[in-house]
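Next come the chains, spelled out residue by residue.
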There are 2 protein chains.
Amino acid sequence: MQLFYYPNLSLGAFSFNEEESKHCIKVLRNKTGDTLQLIDGKGRLAQAIITKDHPKKCEGEITQVTLFEPNRSYQLALSIAPTKQHERIDWLVEKACEIGIDEINFIACENSERERINIDRLQKICISAIKQSKQYYLPALGELKPLRDHLKTASDWQKYIAWCETNPTEHLAQQLNQSEKKIHLLIGPEGDFSAKEISLSQEAGYHPISLGSNILRTETAAITAVATVAAVLSKSL
Amino acid sequence: MQLFYYPNLSLGAFSFNEEESKHCIKVLRNKTGDTLQLIDGKGRLAQAIITKDHPKKCEGEITQVTLFEPNRSYQLALSIAPTKQHERIDWLVEKACEIGIDEINFIACENSERERINIDRLQKICISAIKQSKQYYLPALGELKPLRDHLKTASDWQKYIAWCETNPTEHLAQQLNQSEKKIHLLIGPEGDFSAKEISLSQEAGYHPISLGSNILRTETAAITAVATVAAVLSKSL
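A quick note: this is a predicted structure, and the numbers were derived from the prediction, not measured.

Further remarks concern the overall build of chain A. Looking only at helices and strands, chain A features 7 helices and 11 strands. Taking the principal axes of its C-alpha atoms as reference, chain A extends roughly 60 × 40 × 30 Å. Here the contacts in chain A between residues at least 6 apart in sequence split such that 76% fall between residues at least 24 apart. Summing over all exposed atoms, chain A offers an accessible surface of approximately 10,800 Å²; the carbon and sulfur share of this is 47%. Across chain A, 28 positive and 30 negative side-chain charges occur, with their mean positions spaced 5 Å apart.

The structure is reproduced here in structure tokens:
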């Protein structure tokens, strides 16, 4: 069954915007009377039927809506600086969404390699990744802001920070415990955190972690941390 | 210090091939008298000095060779089918090398999306990844061969297999135990393993694993499995 993203799901009539109409009618060749599934990224899955197969304004009827609970036993947020090559952040976002994440925030650091991020582009990657991996919750993406502001607004989650010279700190897998439900990961930029930033982050409650003895690229460190959380906390499911 | 790959390291004279000479002299602008570090991908790190900064045939002298032990407490092999888009295998190879792996083998399955693989291209990615992550061992890359042949030659390592419909099998993290030293991961192709292939693999000693409740792309499943092994076995370091 084909899955479409439709953020404001409720029973009754719906209509796709021009882009989604084109995708549904011209690309996937759906016709009036065909059935679809819609997700809103907030846990809802809807059954729908096409009532008007217009290639620019496809219309239909939502006949059933089911609300799913999150399928993870924990919440996970990641904060990371954009990489010089945007492809590296693209794939990180795709992979983190597939493995499972609730929030990806972008931070500007002293040694950041890039100062802009295209949130719309990344949101499309997220939507595609959750469809692909059959999830009902769309991760939130946070606009780029300075690390200092980010630390100020940081919540009461369990917080971990990784940077290049973290060894011989304990591995994230050793520091995590099964009772943790809300985890925030802060990953150093390609140029690494400055000593000042590390000190500020630790004052804000971030615990240093290691991700093994190899020097990882920033996006590899992030995906390793996300997969480590999934691996360790999967045990408690 | 700049790191160069030079597979036949020993004390005394060395000369780079045309490609490495160009990279060393024209791109990185090294001159006669400059010092370099060379790695052979088999654990050796050499100190060297340039004696002739020719842009097509750079020559030098190796003054010291140090042999390093592997920095992991386990050996890890991965077998996977090439993906339709070669970029997906490229980044998997890069990330697996960074996190740490000994062997990546390519398999042809009934539902494989691609039947060729460019090992030279992938080896360059491996070399670049181990330089980047400061490792001294280059993973071995196995030419594409049919799954059946692969199963025949499979060794006495601890073997795990993942495919899309593996749930509700236990997560790899739960099945691994700290005493394991040699692990072989077999990951399903984009079109998934056939029922026959799953049955053959299990007969050959591969234990089914889950990698969480989300449906992962083949390369995401592979990197998740590699990171899971690193996370769980890192505890025993």
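After that view of the structure, there is still more to cover.
Residues and elements named next belong to chain A. For the structure shown, the criterion picks out 11 aromatic pairs over all chains. The interplanar angle of 70 degrees and the centroid separation of 5.6 Å between the aromatic rings of Tyr-6 and Phe-14 together place this pair among those described as edge-to-face. Assessed through its relative accessible area of 17%, Tyr-6 is described here as buried. Given a relative accessible area of 3%, Phe-14 falls into the buried group. With a centroid separation of 4.3 Å and an interplanar angle of 25 degrees, the aromatic rings of Phe-68 and Tyr-136 are classed as stacked. One end of the pair, Phe-68, is in the loop between strand 5 (59-67) and strand 6 (75-80); the other, Tyr-136, is in the loop between helix 3 (119-132) and strand 8 (140-146), and 68 residues separate them in sequence.

What follows concerns the interface of chain B and chain A. Each partner contributes residues to the interface: chain B has 29 residues there, and chain A has 30 residues. Taking both partners together, chain B and chain A bury about 2,600 Å²; carbon and sulfur atoms supply 50% of that area. Linking chain B with chain A are 8 salt bridges, by the criterion used here. Its salt-bridge partner being Glu-94 of chain B, residue Arg-217 of chain A comes within 3.4 Å of it at the nearest N-O pair. Here chain B and chain A share 24 residue pairs in polar contact (both at pLDDT 80 or more) between them. Residues belonging to the side of chain B that touches chain A are distributed by class as follows: 8 nonpolar, 13 polar and 8 charged.

So, about the relation of the copies chain B and chain A. After a rotation of 180 degrees and a shift along the axis of 0.0 Å, chain B superposes on chain A with an RMSD of 0.0 Å. These values place the two chain copies in the arrangement generated by a two-fold rotation axis. Of all interface residues in chain B, 100% are interface residues in chain A too; the two copies therefore contact each other through one and the same surface.

Another point: the sheet that holds strand 10 (residues 182-187) of chain A. All names here are of chain A. With parallel pairing, 6 strands are arranged side by side in an open sheet as 8-7-6-10-9-11. Bordering the open sheet on either side are strand 8 and strand 11 (207-208), each of which pairs with just one other strand. Across the sheet, helix 2 (residues 86-99) touches strand 6 and strand 7 (103-108), and the angle it forms with strand 7 is around 155 degrees.

Another point: the side chain of Thr-228 of chain B. Relative to the elements of secondary structure, Thr-228 of chain B occurs in helix 7 (residues 218-234). Thr-228 of chain B has contacts with Ala-227 and Ala-231 of chain A together with His-171, Leu-172, Ala-173 and Leu-176 of chain B, leaving out every residue within four places of it along the chain.

Residues and elements named next belong to chain B. In terms of strand pairing, strand 7 (residues 103-108) meets strand 8 (residues 140-146) through 5 bridges, oriented parallel. What sits directly across from Asn-105, in strand 8, is Gly-142. In this region the chain leaves strand 7, passes through helix 3 (residues 119-132) and returns to the parallel neighbour strand 8; the handedness of that crossover is right-handed.

So, about helix 3 of chain A. Residues and elements named next belong to chain A. The first and last C-alpha atoms of helix 3 sit 20 Å apart over 14 residues, in line with the 20 Å expected at 1.5 Å per residue. Taken residue by residue, helix 3 has Ile-119, Leu-122, Ile-125, Cys-126, Ile-127, Ala-129, Ile-130 and Lys-131 as its buried positions. Contacts from the buried residues of helix 3 go to strand 1 (3-5), helix 1 (18-27), strand 3 (35-39), helix 2, strand 7 and strand 8. Capping the start of helix 3, Asn-118 holds a side-chain oxygen 3.2 Å from the backbone nitrogen of Asp-120, two or three residues further along.

Backbone hydrogen bonds are what pair the strands of a sheet, in a parallel or an antiparallel way. All names here are of chain A. Strand order in the open sheet made by the 5 strands is 1-3-4-5-2, with mixed pairing throughout. Every interior strand has two partners, whereas the edge strands, strand 1 and strand 2 (12-15), have only one. On average, adjacent strands in this sheet sit at an angle of 40 degrees to one another, irrespective of strand direction. Of the strand pairs in this sheet, strand 4 (residues 44-52) and strand 5 are connected by 8 bridges, and their pairing is antiparallel. Its bridge partner lying in strand 5, Gln-47 is registered against Gln-64. Relative to the sheet, helix 1 contacts strand 1, strand 3 and strand 4, its axis offset from that of strand 1 by approximately 170 degrees. The strands touched by helix 3 are strand 1 and strand 3; relative to strand 1, the strand with the most contacts, the crossing angle is about 150 degrees.

About the cut-offs
Residues numbered from 1 in each chain as written. Chains lettered and ligands numbered in written order. Predicted model: local features only at pLDDT ≥ 70, side-chain atom pairs only at ≥ 80, totals over all residues. Heavy atoms only, no water. Helix = DSSP H or I, 4+ residues; strand = E, 2+ residues; numbered from the N terminus. Contact = heavy atoms within 4.5 Å. Areas by Shrake-Rupley, 256 points an atom, 1.4 Å probe, with all protein chains shown as cover. Lys, Arg positive; Asp, Glu negative; His and termini not counted. Charge placed at Lys NZ, Arg CZ, Asp CG, Glu CD. Phe/Tyr/Trp six-rings, centres within 6.5 Å; stacked < 30°, edge-to-face > 60°. Buried < 20%, exposed > 50% of the residue type's maximum accessible area, 1.4 Å probe, protein only. Buried area = accessible area lost by both parts, 1.4 Å probe. Salt bridge = Lys/Arg side-chain N within 4 Å of Asp/Glu carboxyl O. Polar contact = N/O pair within 3.5 Å; in protein donor to acceptor, adjacent residues only side chain to side chain. Nonpolar A, V, L, I, M, F, W, Y, C, P; charged D, E, K, R; others polar. Least-squares fit on C-alpha atoms with pLDDT ≥ 70 in both. Pairing = 2+ DSSP bridges. Axes fitted to C-alpha atoms, helices over the stretch in contact; angles between N-to-C directions. Right-handed = clockwise from strand over helix to strand, strands pointing away. Expected span 1.5 Å × (residues − 1).

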